[in-house]
Amino acid sequence: MATLARQIARDDAVYMARALQLAANGRYTTDPNPRVGCVLVMDGAVIGEGWHQHAGFAHAEVAALNTVADAQGATAYVTLEPCSHFGRTPPCCDALIQAGVRRVVAAMADPNPLVSGRGLERLKAAGCEVSVGVLEAQAQALNRGFIKRMNGRGPWVRSKLAMSLDGRTACASGESQWITSPQARADVHRLRAESSAIVTGINTVLVDDPALTARVDFAVLQPIRVILDSHLQTPPHAQMATLPGRSLILTCSDDGAKQRRLQQAGFEVQRLPDKKGRLDLPEVMRFLGEQQINEVLVEAGAVLNGALLAENLVDEIIVYMAPSVLGDQGRGLFHLPQVLAMADKKELQLLDVRQVGGDLRLMLAPIEKVR
């Protein structure tokens, strides 16, 4: 019996690993939905596969069922608990039951506390054998933004920074193009592509007039572009206003005339609460969560990056470090005026380091986010 149990556990891990590979196919297209994959197995052989491609399209379980003529008695490996509610599509647990699936293995329960476990209970009530927790950590990593938002803590926030060897993001003049290599910049576009929104500050808009689009050679749902602009300084002719998709300005200004000009130019403008005359950043993240934004990529200067770090709103930091020196008159990574002594420093944990082109890419997380 012990030998049989070990074999089942090994098989479960193998098939779930394949389901996770399928789920990752939706990394750039499923927002605001989670990335989910499904594998159907009968008598030790894979008979069907599917993954969720776009919101409103078939969920992974239904996509997999659509590839087989008969799933009676099969085992379904799913990276997320099958849904039990009607949304844009019918409940997936009902589709599995109707197809005659005998066993369902889920990597993790639904993170939405309002429905978590209900799909699994419905499957059990229909006579399905249910297992949960196979490769759970990998499934959680694939959907960390969705999980965080479902738990009411807003989107996953990642800051992207590029710097010289001496920690400068720009010359003293403000010139910053280009510190890093073409390969590093291509890597940034992949980060953009997997993000739900790209957030920048008004200073970056005024200096660079960025497009904040993901320029990649594969299908992608373009991220929402978000400008944090407390006093509505965004020029109506900024190029973001003319690009397809949503360009959103968040402000605490009550200047109706400026707001109307920006809206006429093509921006959405949303007024949020302030803190000492500037946007309240926790309120910004709460609002973005309400907009069903799972993952935020911050591309901004030292002021906004420093403020987000000081408010403990950053989950992850990606730094591209180029083998160059810009000198001590260059601009730094984080504006943190409250850090005056060693005891005030913000500690980070290094999670990963690798070479991208001629640069190093460092992945870090604030210590309080790792604990």
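Details of the structure are given in the entry above.
Residues numbered from 1 in each chain as written. Predicted model: local features only at pLDDT ≥ 70, side-chain atom pairs only at ≥ 80, totals over all residues. Heavy atoms only, no water.

So, the overall build of the protein chain
- If you tally the helices and strands in the protein chain, you get twelve helices and 16 strands.
- Against the globule reference of 21 Å for 371 residues, the protein chain gives a C-alpha radius of gyration of 23 Å, in line with a compact fold.
- Summarising the internal contacts of the protein chain: among those between residues at least 6 apart in sequence, 69% fall at separations of at least 24.
- As displayed, the protein chain offers around 17500 Å² of accessible surface, 52% of which is attributable to carbon and sulfur atoms.
- The average position of the 39 basic charges and that of the 39 acidic charges among the side chains of the protein chain differ by 2 Å. (Helix = DSSP H or I, 4+ residues; strand = E, 2+ residues; numbered from the N terminus. Rg over C-alpha atoms; globule rule 2.2 N^0.38 Å. Contact = heavy atoms within 4.5 Å. Areas by Shrake-Rupley, 256 points an atom, 1.4 Å probe, with all protein chains shown as cover. Lys, Arg positive; Asp, Glu negative; His and termini not counted. Charge placed at Lys NZ, Arg CZ, Asp CG, Glu CD.)

Comments concerning the sheet that holds strand β6 (residues 156-163)
- One open sheet holds the nine strands; their spatial order is β10-β9-β8-β7-β13-β6-β14-β16-β15, and the pairing between them is mixed. Edge positions in the sheet fall to β10 (268-271) and β15 (348-356), since each of these pairs with one other strand and no more. Between one strand axis and the next, the sheet turns by 25 degrees as a mean value, whatever way the strands run.
- Sheet strands touched by helix α7 (residues 182-193): β6, β7 (197-201), β13 (295-298), β14 (316-321), β15 and β16 (359-366). Its angle to β14, the strand with the most contacts, is close to 160 degrees.
- The strands touched by helix α10 (residues 281-290) are β6, β7, β8 (224-228), β9 (247-251), β10 and β13; relative to β9, the strand with the most contacts, the crossing angle is about 145 degrees. (Pairing = 2+ DSSP bridges. Axes fitted to C-alpha atoms, helices over the stretch in contact; angles between N-to-C directions.)

With respect to α7
- For α7, which comprises twelve residues, the first-to-last C-alpha distance of 17 Å matches the rise-based estimate of 16 Å (1.5 Å per residue) to within 8%.
- On its buried face, α7 is in contact with β6, β7, β13, β14, β15 and β16. (Expected span 1.5 Å × (residues − 1).)

Things to note about the pattern of salt bridges
- Tallied over the full model, the rule gives 21 salt bridges.
- The shortest N-O distance in the salt bridge between R361 and D187 comes to 2.8 Å. Here D187 lies in helix α7 and R361 lies in strand β16, a separation of 174 residues in the sequence.
- Overall, the relative accessible area of 12% leaves R361 in the buried class.
- A relative accessible area of 9% means that D187 is categorised as buried.
- Ionic pairing is found between E299 and R192, a salt bridge with its closest N-O pair at 2.7 Å. Of this pair, E299 sits in the loop between β13 and α11 (302-310) while R192 sits in helix α7, and the two are 107 residues apart along the sequence. The pair formed by E299 and R192 is uniform in burial state, with each residue classed as buried.
- Each of R27, R144, R158, E194 and E316 takes part in salt bridges that share partners, so that together they form one network. (Salt bridge = Lys/Arg side-chain N within 4 Å of Asp/Glu carboxyl O. Buried < 20%, exposed > 50% of the residue type's maximum accessible area, 1.4 Å probe, protein only.)

Some thoughts on the side chain of N143
- Secondary-structure assignment places N143 in the loop between α5 (136-142) and α6 (144-150).
- Assessed through its relative accessible area of 7%, N143 is described here as buried.
- Discounting residues that sit within four places of it in the chain, N143 has contacts with P34 and R35.

Structural notes on the nonpolar core
- With 39 residues, the main nonpolar core has L65, A76 and V101 as its most contacted residues.
- Mapped by element, the contributors of at least two residues to this core are α1 (2-23), β1 (37-42), α2 (60-65), β3 (75-78), α3 (92-99), β4 (103-106), α4 (118-125) and α5.
- When sequence neighbours within four positions are dropped, the list of residues in contact with L65 reads L40, A71, A95, L96, A99 and V101.
- Counting 34 residues, the second-largest nonpolar core is a separate cluster that includes A197, V199, I224 and L364. (Core = buried A, V, L, I, M, F, W, Y, C linked by side-chain atoms within 4.5 Å.)

Let's talk about the packing of aromatic side chains
- Taken as a whole, this structure holds two aromatic pairs when the rule is applied.
- Aromatic side chains Y15 and Y77 sit 5.2 Å apart centroid to centroid with 45 degrees between the ring planes, which places their arrangement in the tilted category. With a gap of 62 residues between them, Y15 in helix α1 and Y77 in strand β3 connect regions that are remote in the sequence. The pair formed by Y15 and Y77 is uniform in burial state, with each residue classed as buried.
- Ring geometry for Y28 versus F218: centroids 4.5 Å apart, planes at 40 degrees, classification tilted. (Phe/Tyr/Trp six-rings, centres within 6.5 Å; stacked < 30°, edge-to-face > 60°.)

Some points on the side chain of T180
- Mapping T180 onto the fold places it in the loop between β6 and α7.
- Once residues within four sequence positions are removed from consideration, T180 is found in contact with A162, R185, Y320, A322 and D359.

Focus: the pairing of β10
- Judged from the four bridges that link them, β9 and β10 form a sheet pairing that is parallel. Its bridge partner being in β10, T251 is matched across the sheet by R271.

Observations concerning the sheet that holds β3
- What the five strands build is an open sheet, ordered β2-β1-β3-β4-β5; its pairing is mixed. In this open sheet, the two edge strands, each paired with only one partner strand, are β2 (45-51) and β5 (129-132). Sheet twist, expressed as the mean angle between neighbouring strand axes with direction ignored, is 15 degrees.
- Sheet analysis places β4 next to β5, joined by four bridges and oriented parallel. Paired with V105 across the two strands is S131, which belongs to β5.

What to know about the state of the cysteines
- Going through the model one piece at a time under the given rule, you end up with zero disulfides.
- Here C83 stays free of any disulfide, with the sulfur of C92 as its closest cysteine sulfur at 3.7 Å.
- Exposure remark for C83: the relative accessible area of 9% places this residue in the buried category.
- Free cysteine C93: the closest other cysteine sulfur is in C83, separated by 6.5 Å. (Disulfide = S-S within 2.5 Å.)

Take it as geometry only, folks, not as evidence of what the structure does.
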